[in-house]
Amino acid sequence: MPANEIDAEQVPDYYPAEYADILAASKEEGGELEVYSNTDQENWAPILRDFQKKYPWVEKINASNLDSDEVFQRILSEQATNGSPADLVVSNAAQAWAEYAGGEGRLLAHDSPELAHLPEFALLLPNVYAMSVDPQTIAYNTSLMPEAPTGIGHLAELVAADTGLFEDKLTSRDVGGAFGFTVSRTFTDHVPDAWEHLETLLPLARPETSSGTQNEKILAGEYLAGFFISAAPANPVVANSGGLFEIVFPQDGTVLLPRGIGIAHGAPHPNTARLFVDFLLSEEGQRAVAEGGLASYRDSVEQVEGLHTYQEVVDAVGEDAIIFAPYELVDEAEVDEFTARWNGLLEGGS
């Protein structure tokens, strides 16, 4: 994989002339950036590396790895008291994002000059941009599965053929969290026979609250497989597992969940945060996004070995099998209804 060429301290010629003021102001902000995120350090590594090549005066970047809902819980708690040190908020908890962004005075307004060069879905909510569009996969232990699953329906067929093998050996994401609710509900809303397959899978499954935990337990053999597992944290596990851990994009419907990023209102380093958002959306930034295991969606990012892109998913399952998870606030009654049905199957109901 060729190195990402970074044009240090230079911005594209389509940026407005006044962007020079943002660059100058950033240099006066102390060279620091605080990111509240639910993103693994392996995913962040090439992004932070290349951003600091681009803007070398930014010497210290702290990017946390919290649970997808915890990102919002922490910043809301801090904003309600003495203010927050957070400059940027990053999470793919779509339901939580919709609720947070709908609150007054929570995000700094920012019109990225990159937006005109990106697909329409790049803007998820006002002032919330898509950092990546990560596919939800089936992950499995290659030494324990009878054969590689190709979709949720096929996984259900494998399970039905040997329920004893899969008893408590499947994992799903806890739908009590915004991430799990969104990806699971999106799939059931768009795949006609989804609930039929889930009636086979869920009674044998155990929920987890994080993809990292799911990946660790699949790799260790505690689970044979898991479904609706984000490719973002899974890709580095695949690369480092020596073939023991694999993922597939479900042929019967692959949910893409954008990872949102916004600038926190009251950010201590607002201009550096603006540079970071625009870098992420740029061709240079999207290539770094792809290198880290997240799915880049900028057309100009070439699909090569080691880079993960939206086109990679399209090539695997076709456009018709792509399902975008919406960033919208779902009515509480609908959330309760879905959660009750899902959890009822987990508990062995039908």
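Everything quoted here is computed from the prediction, not taken from an experiment.

Here we look at the nonpolar core
Reasoning step 1: Membership of the largest hydrophobic core comes to 107 residues, with the highest contact counts inside it found for Phe227, Phe276 and Trp342.
Reasoning step 2: Setting aside residues no more than four positions away along its own chain, Phe227 makes contact with Thr137, Ile138, Ile152, Leu155, Thr171, Ser172, Arg173, Leu198, Leu201, Leu202 and Trp342.
Reasoning step 3: Of all hydrophobic cores here, the second largest spans nine residues; its members include Ala139, Ala231, Ala234 and Val237.

Digging into the environment of Lys54
Reasoning step 1: In this structure, Lys54 sits in helix α2 (residues 41–54).
Reasoning step 2: What makes Lys54 buried here is its relative accessible area of 5%.
Reasoning step 3: Within the structure, Lys54 has its side chain in polar contact with the side chain of Glu284 (distance 3.0 Å).

Side note on helix α4 (residues 94–101)
Reasoning step 1: For α4, the buried fraction is high: six of the eight residues fall into the buried class.
Reasoning step 2: Buried within α4 are the following residues: Ala94, Gln95, Ala96, Trp97, Ala98 and Tyr100.

Examining helix α13 (residues 310–317)
Reasoning step 1: All of the buried residues in α13 are Tyr310, Val313, Val314 and Val317. Down the axis, α13 shows its buried residues gathered within 100 degrees of arc, on one side only.
Reasoning step 2: Lining the buried residues of α13 we find β5 (128–141), β10 (254–263) and β11 (322–324).
Reasoning step 3: Gly318 lies just past α13 and shows a positive phi near 90 degrees.

Notes on the packing of α2 against helix α12 (residues 283–291)
Reasoning step 1: Relative to each other, α2 and α12 sit at 155 degrees, their axes nearing to 8 Å. Accordingly, the angle class assigned to the pair α2 and α12 is roughly antiparallel. Judged by the sense of rotation from one axis to the other, the crossing of α2 with α12 is right-handed. Residues Pro46, Ile47, Arg49, Asp50 and Lys54 of α2 lie in contact with α12, whose contacting residues are Glu284, Ala288, Val289 and Glu291.

Observations regarding unusual backbone geometry
What you tend to see is this: most non-glycine residues have negative phi, and most peptide bonds are trans.
Reasoning step 1: Of note in the backbone geometry, Asp168 takes a positive phi value of approximately 60 degrees without being a glycine.
Reasoning step 2: Looking at the element boundaries, Asp168 is found in the loop between α6 (163–166) and β6 (170–173).
Reasoning step 3: We classify Asp168 as partly exposed; its relative accessible area is 35%.
Reasoning step 4: With a phi close to 60 degrees, Phe228 is a non-glycine residue in the positive phi region.
Reasoning step 5: Among the secondary structure elements, Phe228 is positioned in strand β8 (residues 225–230).

Looking at the packing of aromatic side chains
Reasoning step 1: For the structure on display, the rule yields 20 aromatic pairs.
Reasoning step 2: With 5.4 Å between their ring centres and 65 degrees between their planes, Phe51 and Tyr55 make a pair best called edge-to-face.
Reasoning step 3: The buried category is assigned to Phe51, whose relative accessible area is 0%.
Reasoning step 4: Residue Tyr55 is classed as buried on the basis of its relative accessible area, which comes to 3%.
Reasoning step 5: Every member of this aromatic cluster is reached through a ring pair, and the members are Trp44, Phe51, Tyr55, Trp57, Phe276 and Phe279.
Reasoning step 6: Over the ring of Trp195 we find Arg341; its NZ or CZ atom is 4.0 Å from the centre of that ring.

Describing the environment of Gly221
Reasoning step 1: Note on placement: Gly221 falls in the loop between α9 (211–220) and β8.
Reasoning step 2: Here the alpha-carbon distance between Gly221 and Asp67, two residues 154 residues apart in the chain, equals 24 Å.
Reasoning step 3: Beyond its immediate stretch of four places on either side in the chain, Gly221 contacts Asn141, Leu144 and Lys169.

Rules used throughout
Residues numbered from 1 in each chain as written. Predicted model: local features only at pLDDT ≥ 70, side-chain atom pairs only at ≥ 80, totals over all residues. Heavy atoms only, no water. Core = buried A, V, L, I, M, F, W, Y, C linked by side-chain atoms within 4.5 Å. Buried < 20%, exposed > 50% of the residue type's maximum accessible area, 1.4 Å probe, protein only. Contact = heavy atoms within 4.5 Å. Helix = DSSP H or I, 4+ residues; strand = E, 2+ residues; numbered from the N terminus. Polar contact = N/O pair within 3.5 Å; in protein donor to acceptor, adjacent residues only side chain to side chain. Arc of directions from axis to C-beta. Axes fitted to C-alpha atoms, helices over the stretch in contact; angles between N-to-C directions. Parallel < 35°, antiparallel > 145°, perpendicular 65-115°, else oblique. Left-handed = near helix turned anticlockwise from the far one by under 90°. Phe/Tyr/Trp six-rings, centres within 6.5 Å; stacked < 30°, edge-to-face > 60°. Lys NZ or Arg CZ within 6 Å of the ring centre and 35° of its normal.

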